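Fold and geometry: a report
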Amino acid sequence: MKKKSLIISLAGATLLLCSMPSCMDLGETVYDKVQADHFGKNEAEIASIVGPVYRSLNQYVPYNFMALSECSGDMAIVPTRKGGDWYDGGQYRELHMHSWTANTNQIKNCWSMATKSISTCNLVYSIVESNTFISDELKQRTLAEIRGVRAIWFYIMMDNWGNIPLITDFKDTSLPTVTPRKEVYNFILKELTEIKDVLREDVSTASYGKFTKGAAYALLAKMYLNAEAWGVDVPRWQEAADACDVVMKLGYTLESDWKANFASNNESSMETIFPICFSANDQDLNGTDYRNRLFAWTLHYKDNLVLGLKVTGDNGVCGQPDYVKLFDDADIRKNGSFLLGEMIDPSTGKVIITAHDRPLIHTADVTIIPGTERDGTAWGDVNQEDGGRAIKWPFDKSTVDGIENDFALFRLADIYLMKAECLIRMDKDNGEATRLVNEIRQRGFENSEHNYASVTLDEIALERKLELAWECYSRQDCIRFGTFQNARFLKPETKGEDYRNLFPIPQDAWQTNQNLKQNPGYPAF
């Protein structure tokens, strides 16, 4: 995916839109200080203006919201490594053990990213709305795309914080209050309902990376699926199932090869409904990192020797032990999701030895070294090699910085599992629910020997874990299935602390805007 650079002057201010990712090959054009009222005369120029809206999503993964979801849920953990690496002031301990506060760094960072991204959407919306060059059809479709991406950011914020500022006018400079979660929910539904039939619905190279009708209905399905768990509506299982049906009729297909969804050049996947597009040329610009550097977050310092990579890891995130152990050895998704086993140096044929003179063998287990416990908790240091590493998106050997692998925010396998869940929750058509789950399961095992005769909610919850590891659904799924506050590895049971189904609004945000009101259960500002 190639890049463009553009500076637009608007009302005396400049908006730097540089190195914008595009999911289309638009060439290598650089514009320097182009006036907004002289730019945006055709579809290619409009795509450049809208680029930062899509690009804002590059901050969603691989750190940030992946940490909020997978580390507060039951999927992943960033353990403190022997010697103190990744302790980071205890923020990952706080996420895992549900002891976070309004000053937990990852929560602060994610709030800031989301609110800035919504502001970007609002600014670009105002630029396109005032455009007088393009056809009304192109303008309305483009505005619908911007509203769609903005709806994703509002959905992300509502899911994580519940009561949030609901700002849609870039010119409104007043300090907002928080809008109740139910009102935000209703607003998002209204936005999606208004734009769904304006958006393009083709499933093609031209539509890849765009917010399409498929993306709108996938997000509608997520909204309805979680409505009851969010406490904003009665169960909306039928509406969620209906939205899934629309998506399944649009031309997306399950890839016969599960791994094709995550490959370095995975833009050809017909299973992807809405991707976050990454390029090897993505950059860290003024402290905002648009790169996909998952390898740095997860790989051991010497794993690159085994994988043939030029880049090295920082030995951070890994799978939670009990989660990794859910996978059957016969399931290709086990070794397709986690790097496990002996790390053999190809130059010697022997197991690599770590700096602590231990064999580099990645196991599912993450074992606390006795005597290293921290902060009066069970949390302590673990050996460098502990834990299965995130390998779901294979790292290309030519990588020198960011990887090319796109991240599917929505994909068809998830839609199948959502539809199956809705059918079971409504006690409707177990046969169809079972068929949908088995399509996913049979692909994972590469045969039908592990298929279900009849599925239950527990089996659907399990299949979601097996299929969607690392894809940022752990926290949301745990809340919906009622397991978020359960005891698990190192984490005590926190039943009765349902207020922690929402994160606190960060202290930093309140210091900037004292109109904000803290979420219930947390100390007031």
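Structure's up top.
Points about the overall build of the protein
If you tally the helices and strands in the protein, you get 17 helices and 17 strands. In terms of overall size, the protein behaves like a compact globule, its C-alpha atoms giving a radius of gyration of 23 Å where 525 residues would be expected to give roughly 24 Å. Taking all 525 residues of the protein together, 59% fall into the buried category. Taking the intrachain contacts of the protein between residues at least 6 apart in sequence as the baseline, contacts between residues at least 24 apart amount to 69%. Split by element, the accessible area of the protein, about 20,300 Å² in all, is 48% carbon and sulfur. Across the protein, 56 positive and 73 negative side-chain charges occur, with their mean positions spaced 2 Å apart.

Notes on the environment of Asp 458
Position of Asp 458 relative to the elements: it lies in helix H15 (residues 457-468). Put simply, Asp 458 and Gly 319 are 139 residues apart on the chain and 21 Å apart in space, counted from C-alpha to C-alpha.

Quick notes on the pairing of strand E17 (residues 407-411)
Two faces make up the sheet, and in a regular strand the side chains alternate between them. Most of E17 is tucked away, with five of its five residues classed as buried. Inspection of the sheet shows strand E6 (residues 272-276) paired to E17 by four bridges, in the antiparallel sense. In the strand pairing of E17, Phe 274 is matched with Phe 410.

Some points on helix H13 (residues 412-425)
Under the 1.5 Å per step criterion, the end-to-end length of H13 is 20 Å for 14 residues, consistent within 8% with the ideal 20 Å. Here H13 lies mainly inside the structure; 13 of its 14 residues are buried. Within two residues after H13, Asp 427 carries a phi angle of roughly 55°, on the positive side.

Brief notes about the environment of Glu 432
With respect to the helices, strands and loops of the structure, Glu 432 is situated in helix H14 (residues 430-445). A sequence separation of 29 residues divides Glu 432 from Ile 403, and the C-alpha atoms of the two residues are 38 Å apart. Of note is the side chain of Glu 432, whose polar atom sits 2.8 Å from the side chain of Arg 435.

A closer look at the packing of helix H7 (residues 213-230) against helix H8 (residues 237-248)
In the contact formed by H7 and H8, the axes pass within 8 Å of each other and the chain directions differ by 160°. One element, H7, and the other, H8, form an angle in the roughly antiparallel class. For H7 against H8, the interelement crossing comes out left-handed. From H7, Lys 213, Gly 214, Tyr 217, Ala 218, Leu 220, Ala 221, Tyr 224, Leu 225 and Glu 228 reach across to H8, where they touch Trp 237, Glu 239, Ala 240, Ala 243, Cys 244, Val 246 and Val 247. Considered class by class, the residues forming the contact of H7 with H8 number 12 nonpolar, one polar and three charged.

Let's talk about the pattern of salt bridges
The final tally for this structure, using the stated rule, is 43 salt bridges. Glu 194 is the partner of Lys 190 in a salt bridge, and the nearest nitrogen-oxygen pair spans 2.7 Å. A residue pair is termed a helical-turn pair when its members lie 3 or 4 positions apart in one helix, as Lys 190 and Glu 194 do in helix H6 (residues 181-195) at four residues. Judged by its relative accessible area of 49%, Lys 190 falls in the partly exposed class. The closest approach of N and O atoms between Glu 467 and Arg 333, which form a salt bridge, is 2.9 Å.

Side note on the packing of aromatic side chains
If you walk through the whole model with that rule in mind, you get 23 aromatic pairs. Ring centres of Tyr 63 and Trp 297 lie 5.6 Å apart, and the angle between their planes is 65°; on these two criteria the pair is classed as edge-to-face. On the criterion of sequence distance, the pair formed by Tyr 63 in the loop between helix H1 (43-55) and helix H2 (64-72) and Trp 297 in helix H9 (residues 294-298) is long-range, its members being 234 residues apart. For Tyr 63, a relative accessible area of 21% translates into the label partly exposed. Exposure remark for Trp 297: the relative accessible area of 1% places this residue in the buried category.

Comments concerning the packing of helix H4 (residues 105-129) against helix H5 (residues 136-161)
When two helices pack together, their arrangement is captured by the angle between the axes and the distance separating the axes. At a minimum axis separation of 10 Å, H4 and H5 run at an interaxial angle of 160°. On the basis of their axis angle, the class for H4 and H5 is roughly antiparallel. Judged by the sense of rotation from one axis to the other, the crossing of H4 with H5 is left-handed. For the contact of H4 with H5, the class distribution of residues is 16 nonpolar, four polar and four charged.

Some points on unusual backbone geometry
Looking along the chain, the bond that leaves Val 61 and enters Pro 62 is cis, with omega of 10°. As for its position among the elements, Pro 62 is in the loop between H1 and H2. With a phi close to 50°, Asp 88 is a non-glycine residue in the positive phi region. Following the sequence through the fold, Asp 88 ends up in the loop between strand E5 (80-81) and helix H3 (91-97).

Quick notes on the side chain of Thr 399
Relative to the elements of secondary structure, Thr 399 occurs in the loop between strand E16 (389-390) and E17. Residue classification places Thr 399 among the buried residues on the basis of a relative accessible area of 7%. Polar side-chain contacts of Thr 399 include one of 2.8 Å to the backbone oxygen of Asp 396. Beyond its immediate sequence surroundings of up to four residues, Thr 399 is in contact with Phe 295, Lys 310 and Val 311.

Rules used throughout
- Residues numbered from 1 in each chain as written.
- Predicted model: local features only at pLDDT ≥ 70, side-chain atom pairs only at ≥ 80, totals over all residues.
- Heavy atoms only, no water.
- Helix = DSSP H or I, 4+ residues; strand = E, 2+ residues; numbered from the N terminus.
- Rg over C-alpha atoms; globule rule 2.2 N^0.38 Å.
- Buried < 20%, exposed > 50% of the residue type's maximum accessible area, 1.4 Å probe, protein only.
- Contact = heavy atoms within 4.5 Å.
- Areas by Shrake-Rupley, 256 points an atom, 1.4 Å probe, with all protein chains shown as cover.
- Lys, Arg positive; Asp, Glu negative; His and termini not counted.
- Charge placed at Lys NZ, Arg CZ, Asp CG, Glu CD.
- Pairing = 2+ DSSP bridges.
- Expected span 1.5 Å × (residues − 1).
- Polar contact = N/O pair within 3.5 Å; in protein donor to acceptor, adjacent residues only side chain to side chain.
- Axes fitted to C-alpha atoms, helices over the stretch in contact; angles between N-to-C directions.
- Parallel < 35°, antiparallel > 145°, perpendicular 65-115°, else oblique.
- Left-handed = near helix turned anticlockwise from the far one by under 90°.
- Nonpolar A, V, L, I, M, F, W, Y, C, P; charged D, E, K, R; others polar.
- Salt bridge = Lys/Arg side-chain N within 4 Å of Asp/Glu carboxyl O.
- Phe/Tyr/Trp six-rings, centres within 6.5 Å; stacked < 30°, edge-to-face > 60°.

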